[in-house]
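The primary structure of each chain is shown beneath.
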Amino acid sequence: MNRSSITLLTAGFFVRDPRKVARSLLGKLLIRKTARGMLVGRIVETEAYLGADDAAAHSAAGKTARNAVLWGPPGHAYVYFIYGNHYCLNVSCLPDGAPGGVLFRAVEPLEGIEEMAAARGVEIRSAGDLKRISSGPGRMCEALAVTRDRDNGKNLVSSTSDLQIAEDGCRVKRVLVTPRVGITKSADQPLRYLIAGNSFVSR
DNA sequence: ATATCGATTATCT
DNA sequence: GATAATCGATATG
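### As for helix H1 (residues 18-25)
Then step 1. For H1, every residue scored as buried is listed here: Pro 18, Val 21, Ala 22 and Leu 25. Seen from one end, H1 has its buried residues packed into an arc of 100°, which puts them on one side.
Then step 2. On its buried face, H1 is in contact with strand S3 (37-50), strand S5 (86-92), strand S6 (100-111), strand S7 (163-167) and strand S9 (192-195).
Then step 3. Taking the backbone nitrogen of Arg 19 as reference, a side-chain oxygen 2.7 Å away marks Asp 17 as the first, capping residue of H1.
Then step 4. Residue Gly 27 follows H1 closely and has a positive phi angle near 95°.

As structure tokens, this is what we get:
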């Protein structure tokens, strides 16, 4: 990570098909600013959820109070609570008024690793323990202290936001595409994107 | 190593 | 009342 050349993504980055956004987000940075410093992870795994023709998307059944952010302006956080235990973070895609999003499934911890491990209750005794910090949507949210109350609807490409998506010039060599994880509807579609060979992806 | 299961609650039928 | 874009623990090979 080249710290001197970190730049925020623009809202325009997200005015595209979620499949394009999901693929393009690989290698980008997810940043949480805290009073104690920055938490930074490199995005290594995403899933696209299409507004239309995607039974697995939360937007499939229409706009509700829960999923309204998916219809809102691009580059905003859609956070939902699942299985009575976990939060999951998405970013809204497509122009204001059109539903669509990308789920963040895993990041590779880069900075603030001690803080993130502590938030997860993970003790770092070996290199392998690093992989348990943020390899999975629920784990990643816990590591970055992402919750619905705090972050749902937040602009992720605003310089004043404490949760941001940025880039540092990192180039991803090869991308793997597989079916999405944990869904029952439209489970066969290849809409999960991950950096080939990266060991910080989920399961 | 993989398989199965319980936790726990917002949301929708 | 059923389900869910998950995780961690436990059981078994």
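### Some thoughts on helix H2 (residues 113-120)
Since the α-helix turns once every 3.6 residues, residues separated by three or four places project in the same direction.
Then step 1. Among the residues of H2, those classed as buried are Met 116, Ala 117 and Arg 120. Down the axis, H2 shows its buried residues gathered within 100° of arc, on one side only. For H2, the exposed residues lying more than 90 degrees away from the buried face are Glu 114 and Ala 118.
Then step 2. Buried residues along H2 sit in contact with S3, S6 and helix H3 (137-143).

### So, the protein's contact with DNA strand B
Then step 1. The environment of DNA strand B is made up of Thr 64, Arg 66, Phe 81, Tyr 83, Gly 84, Asn 85 and Arg 148.
Then step 2. Here the atoms of DNA strand B within 4 Å of the protein split so that 58% fall in sugar or phosphate, with bases taking the remainder.
Then step 3. Contact distances for DNA strand B include 2.7 Å between a phosphate oxygen and a side-chain N or O atom of Thr 64.
Then step 4. Residue composition of the surface near DNA strand B, by class: two nonpolar, three polar and two charged.

### Brief notes about the pattern of salt bridges
Then step 1. On inspection of all chains with the given rule, the structure shows 14 salt bridges.
Then step 2. Arg 192 is paired through a salt bridge with Glu 45; the nearest N and O atoms lie 2.8 Å apart. Here Arg 192 is found in strand S9, whereas its partner Glu 45 is found in strand S3, with 147 residues between them in sequence. Considered together, Arg 192 and Glu 45 belong to a single accessibility category, that of buried residues.

### A word on unusual backbone geometry
Then step 1. Although it is not a glycine, Asp 53 sits at a positive phi angle of roughly 55°.
Then step 2. The residue Asp 53 is located in the loop between S3 and strand S4 (77-82) in this model.
Then step 3. The residue Leu 94 is not glycine, and still its phi comes out positive at about 70°.
Then step 4. Checked against the element boundaries, Leu 94 lands in the loop between S5 and S6.

### As for the nonpolar core
Then step 1. Ranked by internal contacts, the top residues of the largest apolar core, which has 42 residues, are Phe 14, Leu 25, Leu 30, Leu 89 and Ile 165.
Then step 2. If you tally residues by element for this core, the top one is S3, at five residues.

### So, the protein's contact with DNA strand C
Then step 1. Around DNA strand C, 20 residues are found, and the nearest of them are Tyr 80, His 86, Asn 90, Arg 120 and Arg 139.
Then step 2. The sugar-phosphate share of atoms of DNA strand C within 4 Å of the protein amounts to 52%.
Then step 3. Within the backbone of Ala 56, an N or O atom sits 3.4 Å from a base nitrogen of DNA strand C.
Then step 4. Going through the elements one at a time, S4, S5, S6 and H3 are the ones with two or more residues in the surface near DNA strand C.
Then step 5. Each residue belonging to the surface near DNA strand C can be placed in one class, and the counts come to 10 nonpolar, seven polar and three charged.

### Some words on the packing of aromatic side chains
Then step 1. Tallying each qualifying case throughout the model produces three aromatic pairs.
Then step 2. Residues Phe 13 and Phe 14 carry aromatic rings whose centres are separated by 5.0 Å and whose planes lie at 65° to one another, so their mutual orientation is edge-to-face. Considered together, Phe 13 and Phe 14 belong to a single accessibility category, that of buried residues.
Then step 3. Plain terms: the ring middles of Phe 81 and Tyr 87 are 4.9 Å apart, the flat faces sit at 45° to each other, and that makes the pair tilted.
Then step 4. In this structure Tyr 87 comes out as partly exposed when scored by relative accessible area, which is 24%.
Then step 5. For Arg 16, the ring lying beneath its charged end belongs to Phe 13, and the centroid distance is 4.7 Å.
Then step 6. Across the ring face of Phe 200, the terminal group of Lys 131 is positioned such that the distance to the ring centre comes to 5.7 Å.

What counts, and at which threshold
- Residues numbered from 1 in each chain as written.
- Chains lettered and ligands numbered in written order.
- Predicted model: local features only at pLDDT ≥ 70, side-chain atom pairs only at ≥ 80, totals over all residues.
- Heavy atoms only, no water.
- Buried < 20%, exposed > 50% of the residue type's maximum accessible area, 1.4 Å probe, protein only.
- Helix = DSSP H or I, 4+ residues; strand = E, 2+ residues; numbered from the N terminus.
- Arc of directions from axis to C-beta.
- Contact = heavy atoms within 4.5 Å.
- Polar contact = N/O pair within 3.5 Å; in protein donor to acceptor, adjacent residues only side chain to side chain.
- Near = heavy atom within 4 Å.
- Nonpolar A, V, L, I, M, F, W, Y, C, P; charged D, E, K, R; others polar.
- Salt bridge = Lys/Arg side-chain N within 4 Å of Asp/Glu carboxyl O.
- Core = buried A, V, L, I, M, F, W, Y, C linked by side-chain atoms within 4.5 Å.
- Phe/Tyr/Trp six-rings, centres within 6.5 Å; stacked < 30°, edge-to-face > 60°.
- Lys NZ or Arg CZ within 6 Å of the ring centre and 35° of its normal.

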